[in-house]
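# Tertiary structure, described
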Number of protein chains: 2
Amino acid sequence: MSVADRVRHSEGAVRLRAKWVLPIESPPIENGEVVIEDGRITQVGKQLTPTNASHIDFGLSALMPGFVNVHAHLEYTVMRGLLEDVAFFTWIRTLTTLKTRLSFDDWVASATFGAAEMLAGGITTVADACDAGASLSALLVSGQRGIVFREVFGIDREPPIENILAALKRKIADMEEQIERHHAEERLSVGVSPHAPYTVSAPLFGELAAYANSKGYRQCVHVGESPAEVALIERGTGAFAEMYAARGIDWTTPGVSPVRYVSDTGAFDAPTLAVHVVHADKTDAELLASKNVAVAHCPKSNGKLGAGFAPVKALLKAGVTVGLGTDSVASNNSADMFEEMRSAVFTARAREQNPDALTARDALYMATLGGAKALGLDAQIGSLRHGKRADLCVVRLDGLHLTPTADDNPVAALVYAARASDVALTFVDGRVLYETGTYTMLDIARLRPAVAQIRARLFREWQKEAKRGA
Amino acid sequence: MSVADRVRHSEGAVRLRAKWVLPIESPPIENGEVVIEDGRITQVGKQLTPTNASHIDFGLSALMPGFVNVHAHLEYTVMRGLLEDVAFFTWIRTLTTLKTRLSFDDWVASATFGAAEMLAGGITTVADACDAGASLSALLVSGQRGIVFREVFGIDREPPIENILAALKRKIADMEEQIERHHAEERLSVGVSPHAPYTVSAPLFGELAAYANSKGYRQCVHVGESPAEVALIERGTGAFAEMYAARGIDWTTPGVSPVRYVSDTGAFDAPTLAVHVVHADKTDAELLASKNVAVAHCPKSNGKLGAGFAPVKALLKAGVTVGLGTDSVASNNSADMFEEMRSAVFTARAREQNPDALTARDALYMATLGGAKALGLDAQIGSLRHGKRADLCVVRLDGLHLTPTADDNPVAALVYAARASDVALTFVDGRVLYETGTYTMLDIARLRPAVAQIRARLFREWQKEAKRGA
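Residues numbered from 1 in each chain as written. Chains lettered and ligands numbered in written order. Predicted model: local features only at pLDDT ≥ 70, side-chain atom pairs only at ≥ 80, totals over all residues. Heavy atoms only, no water.

Helix and strand content of chain A: 17 helices and 17 strands. Against the globule reference of 23 Å for 470 residues, chain A gives a C-alpha radius of gyration of 22 Å, in line with a compact fold. Each principal axis of the C-alpha atoms in chain A carries an extent, and together these give about 70 × 50 × 45 Å. Relative to its 470 residues, chain A shows a buried fraction of 64%. Taken as a whole, chain A presents about 16,200 Å² of accessible surface, with 49% of it coming from carbon and sulfur. The positive charge centre, built from 49 side chains, and the negative charge centre, built from 55, are 2 Å apart in chain A. (Helix = DSSP H or I, 4+ residues; strand = E, 2+ residues; numbered from the N terminus. Rg over C-alpha atoms; globule rule 2.2 N^0.38 Å. Buried < 20%, exposed > 50% of the residue type's maximum accessible area, 1.4 Å probe, protein only. Areas by Shrake-Rupley, 256 points an atom, 1.4 Å probe, with all protein chains shown as cover. Lys, Arg positive; Asp, Glu negative; His and termini not counted. Charge placed at Lys NZ, Arg CZ, Asp CG, Glu CD.)

Bringing the sheet that holds strand S10 (residues 218-223) of chain B into the picture now. All names here are of chain B. Read across the sheet, eight strands follow the order S6-S7-S8-S9-S10-S11-S12-S13 without closing on themselves; strand pairing throughout is parallel. Looking at the sheet topology across the chains shown, the edges are occupied by strand S6 (67-72) and strand S13 (322-324). Adjacent strand axes in the sheet meet at a mean angle of 25 degrees, parallel and antiparallel pairs treated alike. Examined bridge by bridge, strand S9 (residues 188-194) and S10 share two bridges and lie parallel to one another. Pairing of Val192 across the sheet is with Gln219, part of S10. (Pairing = 2+ DSSP bridges. Axes fitted to C-alpha atoms, helices over the stretch in contact; angles between N-to-C directions.)

Attention now goes to the state of the cysteines. Here, the word disulfide means a covalent bond between the sulfur atoms of two cysteines. All names here are of chain A. Under the criterion given, the structure shown has zero disulfides over all chains. With no disulfide of its own, Cys130 lies closest to Cys220 among cysteine sulfurs, the gap being 10 Å. Accessibility expressed as a relative area gives 0% for Cys130, which makes it buried. (Disulfide = S-S within 2.5 Å.)

Right, let's get into the sheet that holds strand S8 (residues 145-152) of chain A. Residue and element names in this part refer to chain A. Read across the open sheet, the eight strands follow the order S6-S7-S8-S9-S10-S11-S12-S13; overall the sheet is parallel. Because the sheet does not close on itself, it has two edges, and the strands there are strand S6 (67-72) and strand S13 (322-324). The mean angle between the axes of side-by-side strands here comes to 25 degrees, regardless of whether they run parallel or antiparallel. Pairing of strand S12 (residues 294-297) with S13 involves three bridges; the strand directions are parallel. Counterpart to Ala296 in the pairing with S13 is Gly323. Where helix H14 (residues 360-374) meets the sheet, it contacts S6, strand S10 (218-223), strand S11 (272-276), S12 and S13, and its direction lies at approximately 110 degrees from that of S13. (Contact = heavy atoms within 4.5 Å.)

If you look at the interface, chain B gives 64 residues, while chain A gives 64 residues. In this assembly, chain B packs against chain A so that about 4,800 Å² is buried in total across both faces, 57% of it on carbon and sulfur atoms. Broken down residue by residue, the surface that chain B buries against chain A is led by B:Asp85, B:Leu400 and B:Arg419, which jointly contribute 13%. On inspection of chain B and its partner chain A, the count reaches six salt bridges. (Buried area = accessible area lost by both parts, 1.4 Å probe. Salt bridge = Lys/Arg side-chain N within 4 Å of Asp/Glu carboxyl O.)

Residue and element names in this part refer to chain A. On the surface, Glu176, Glu180, Glu185 and Glu186 cluster together into a negatively charged patch. As for its placement among the helices and strands, Glu185 is situated in the loop between helix H5 (161-181) and strand S9 (188-194). By relative accessible area, Glu185 is classed as partly exposed at 47%. (Patch = residues over 30% accessible without salt bridge, like charges linked within 9 Å, V, L, I, M, F, W, Y side chains within 5 Å.)

What follows covers helix H13 (residues 337-352) of chain A. Residues and elements named next belong to chain A. With 16 residues, H13 should cover 22 Å at 1.5 Å per step; its first-to-last C-alpha distance of 22 Å lies within 8% of that length. The element H13 is largely enclosed, with a buried count of 14 among its 16 residues. Sitting at the amino-terminal end of H13 is Asp336, which places a side-chain oxygen 2.9 Å from the backbone nitrogen of Phe338. Within two residues after H13, Gln353 carries a phi angle of roughly 50 degrees, on the positive side. (Expected span 1.5 Å × (residues − 1). Polar contact = N/O pair within 3.5 Å; in protein donor to acceptor, adjacent residues only side chain to side chain.)

What follows covers the packing of aromatic side chains. Counting across every chain of the model gives 17 aromatic pairs over all chains. Pairing A:Trp251 with A:Tyr261 gives two aromatic rings, centres 5.7 Å apart and planes at 80 degrees, and the pair type is edge-to-face. Linking A:Trp251 in the loop between helix H8 (238-247) and helix H9 (258-264) with A:Tyr261 in helix H9, this pair joins segments that are 10 residues apart in sequence. With a relative accessible area of 9%, A:Tyr261 lands in the buried category. Within the aromatic cluster, the residues linked to one another by ring pairs are A:Tyr244, A:Trp251 and A:Tyr261. We note B:Lys304 situated over the ring of A:Tyr416; from NZ or CZ to the ring centre the distance is 4.6 Å. (Phe/Tyr/Trp six-rings, centres within 6.5 Å; stacked < 30°, edge-to-face > 60°. Lys NZ or Arg CZ within 6 Å of the ring centre and 35° of its normal.)

What follows deals with the relation of the copies chain B and chain A. With an RMSD of 0.0 Å, chain B superimposes on chain A once it is rotated by 180 degrees and translated 0.0 Å along the axis. A rotation of that kind, with that shift, is consistent with a two-fold axis. Looking at the interface residues of chain B, 100% of them are also at the interface in chain A, so both copies use one shared face. (Least-squares fit on C-alpha atoms with pLDDT ≥ 70 in both.)

The buried fraction of strand S11 (residues 272-276) of chain B amounts to five of the five residues, a majority that puts the element mostly inside the structure. For the crossover that starts at S11(B), traverses helix H10 (residues 282-290) of chain B and ends in the parallel strand S12 (residues 294-297) of chain B, the hand is right-handed. (Right-handed = clockwise from strand over helix to strand, strands pointing away.)

Attention now moves to the pattern of salt bridges. Residue and element names in this part refer to chain A. Scanning all chains against the criterion turns up 48 salt bridges over all chains. In this structure, Glu30 and Lys19 form a salt bridge, with 2.8 Å as the shortest nitrogen-oxygen distance. Of this pair, Glu30 sits in strand S2 (residues 29-37) while Lys19 sits in strand S1 (residues 14-21); the two residues are 11 residues apart in sequence, bridging distant segments of the chain. When salt bridges that share partners are traced, they join Arg145, Arg389, Asp391 and Asp429 into one network.

All right, on to the domain arrangement of chain A then. Residues and elements named next belong to chain A. By the assigned domains, chain A splits into domain 1 (3-65 + 385-438) and domain 2 (67-374). Using C-alpha coordinates to define each centre, domain 1 is positioned 30 Å away from domain 2. Counting residues at the interface gives 26 residues for domain 1, matched by 29 residues for domain 2. The largest per-residue losses of area from domain 1 upon contact with domain 2 belong to Ile24, Val415 and Tyr416, which jointly make up 29% of the total buried on that side. Where domain 1 meets domain 2, there are two salt bridges. (Domains from an automatic or database assignment.)

This part takes up the side chain of A:Ser257. Tracing the sequence through the fold places A:Ser257 in the loop between H8 and H9. One polar contact links A:Ser257 to A:Asp284, side chain to side chain, over a distance of 2.6 Å.

Attention now goes to the packing of H13(A) against H14(A). Residue and element names in this part refer to chain A. Two elements in contact, H13 and H14, have axes whose closest approach is 9 Å; the angle formed by their N-to-C orientations is 135 degrees. Relative to H14, H13 is oriented oblique. Like other packed secondary-structure pairs, H13 and H14 cross with a definite hand, here right-handed. Residues Met337, Met341, Ala344, Val345 and Arg349 of H13 form the contact with H14, whose own contacting residues are Ala360, Ala363, Leu364, Met366 and Ala367. Residue composition of the contact of H13 with H14, grouped by class: nine nonpolar, no polar and one charged. (Parallel < 35°, antiparallel > 145°, perpendicular 65-115°, else oblique. Left-handed = near helix turned anticlockwise from the far one by under 90°. Nonpolar A, V, L, I, M, F, W, Y, C, P; charged D, E, K, R; others polar.)

This brings us to unusual backbone geometry. Excluding glycine, residues mostly have negative phi values, and the peptide bonds linking residues are mostly trans. Residue and element names in this part refer to chain A. With an omega of 15 degrees, the peptide bond running from Asn332 to Asn333 counts as cis. The phi dihedral of Gln353 falls on the positive side, at around 50 degrees, and the residue is not glycine. When you line up the elements, Gln353 lands in the loop between H13 and H14. Among the residues examined, Gln353 registers a relative accessible area of 38% and is labelled partly exposed. Positive phi, normally seen in glycine, also occurs at Asp429, with a value near 50 degrees. Take Asp429: it is sitting in the loop between strand S15 (423-428) and strand S16 (431-435).

Moving on, we come to the environment of A:Ala132. All names here are of chain A. Mapping Ala132 onto the fold places it in the loop between strand S7 (123-130) and helix H4 (134-142). Taking the C-alpha atoms as reference points, Ala132 and Arg150, 18 residues apart in sequence, are found 8.1 Å from one another. Aside from chain neighbours lying at most four places away, what touches Ala132 is Glu75, Phe104, Trp107 and Arg150.

Our next topic: the packing of helix H14 (residues 360-374) of chain B against helix H16 (residues 410-417) of chain B. All names here are of chain B. Remark: H14 packs on H16, axes separated minimally by 9 Å, with the N-to-C direction vectors making an angle of 70 degrees. With respect to H16, the axis of H14 lies roughly perpendicular. Here Ala360, Arg361, Ala363 and Leu364 of H14 come into contact with H16, specifically with Val411, Val415 and Tyr416. Looking at side-chain class alone, the contact of H14 with H16 contains six nonpolar, no polar and one charged residues.

As structure tokens, this is what we get:
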């Protein structure tokens, strides 16, 4: 019988046992146990008092909180590997063009495939920045927890801000209605995502924050990502400035850092997750901390797009809450939180030329409880603790690459060498959603050809685009 | 019947077919074929002329040259995850102490386990820097191709250089005898590894190069790795300088870069592979190019140990041949060439803040033909070409993380998202050595408990050491 069936058919509590249990808030427990009941964690420890709970032993595995992926664009999954090895500006422009070629159903298939990949990698919570609204459809069926931040763009005088706001309100109302209809209020919520300083005007930033605050929504903003963005905001030069000029957009350089500029618009007056924050100094870090702005650190995406190395150590030192994000798989190219953890450690240490700059424990924290805090969900998830939701993953530790590390150092095994493919099971709210290649909620056999078909169409369009451009 | 059996029982040539064939020297071939016979590649192409060759279709997979791992320390495999999150200097000192606790048989078990992990990740050639000589024993049984560089240390006045050289000659003679006895001259050879500028004196560097030259051996030298090494060589300060003072070692700072210093000793007068080269500028890069010194780039190790980011773009621009190395799994912690490829791309791009700094193709080249050139083996391996040895790997491309990339962009799939765990088969000299979890030459079921037992002993010793230190 599968673990999913055993959990489903168990009456009352289920005892889960593994060689290593990682509560995150306290050191790893060897031969530990976690008891779950009614979707919640009721006990965590070693040699727990025997209960009548049915008992499942995962052997040489790690039982840990599911990963919290604080930044994704599930909708772009179908574009993975499509626009490779082009400059950031070309990349984002072509992406914008190709986006218009897909139907809503296409976006849903793409986003759902992305959600499936994340489940298979132990990701139980996704904070998604979505344009079409399809990410919500994906998460409604995948069973994951998440915040769906609806993206807003508006840098020009047209359309007027009130129109943008009205459209956003309609979209958000529609998303909330869907969440209610699916009785998914406990696991899904909506947010607002003013896209970035180069796509959202200062007044729009301010209005969106006021709206988010009035409704209790969180925000997500890309800020301080690329050198091109810095050039625009700090000096009024570079690729974005040229695009502004070509489109007739007025732009007076504020002459400050992207973080300071976005803050000055009032954007950070609502609870905000700042994504990337590669180009930021100590003063920016302190500003973010003072505004309670959390950071989504996406080290692989920052590398692939040539953005730079985020100052993670300075952010943590200033007291900023940092979570880890995969970003879109169109710019990564996989949703593997293990790789994000070690990329965070390796790039921070090389950047500081100091092996103490970031530890494996720091990275594991950022990928779980740090991410939960960054999303305001730490009362519900992010660590194994009595009363929290039973969002868990089981990672097999018997791979050659984890041997003999897993005998005595589970944190090093997980952070430095484990892979998404080592994940055996993923639970959300105590339900098994993924178990070694099979999904309880998703029909992967149907999704695969759908995604292939959409991709073939996109590939043809992109080849045509490229020919026109050449 | 397994592929290994089908290949073994085939009379004459075998035709291998896959969705993507990657010759490396030319673009990927869709629905390509490779014909192998008598351990060599005889044909590569699309829709080859039908032959009587028995035919194996790998479906949605990549058929490519096996990876060339230009830098490893197989012997340290058992130390994976043991000495984590300590400064470079403490790390290398503790490693040196623990090394004395293991028997030769322990080292062989450790190295063989490492060779098994590499085979499972598609690595067909290993350039190993070895201290005890156990790496040779490992490669003799694993069936892989390789160069075993025997490490030499000697920074003090004692023992005298002639004694060091005499001991080295005995060790090398013993290794060559073993290779002959196993009739492995075609796939294994020996080399000399003067360890590093902080462990080898200038006169010893010179003598070793003269010896290597006289015998036609290649050399491997760690150079320009850590900030501590730079401090010693350029300024006579830092942790290594303090160690020298404590041990009464005379040291007059040459006041030049580590690359220049090592070059000035005459070390580069024999064919040399310089390992790491993190701290090097344009002038150093040009010096390396002028001396025909190749570089082993180990981006993950450089990150984990806080060394820094190697100037890969500058090295390539100067005309230096660059290969990729995993380094020891004690400082990495897995032998995954896919991760090394993307780490090379991501760190180069972030370092230069330019997405054009390094492409996926560049990384794939470095991991195969670049590595082969760096080891002087490019006439035999590194690409799929008529007459080269049939050292191949088959990478499954059906994982969610490779979908839909593999439909149209196999290079992006392999470099940006594939994992060592996607490798289905590894061939050396036309023989299958690894096939989805099973080895034709190695007894992994016997190796595992041996490694666990050694590790348990080492762990106890290290805990005792740590207590003594505290």
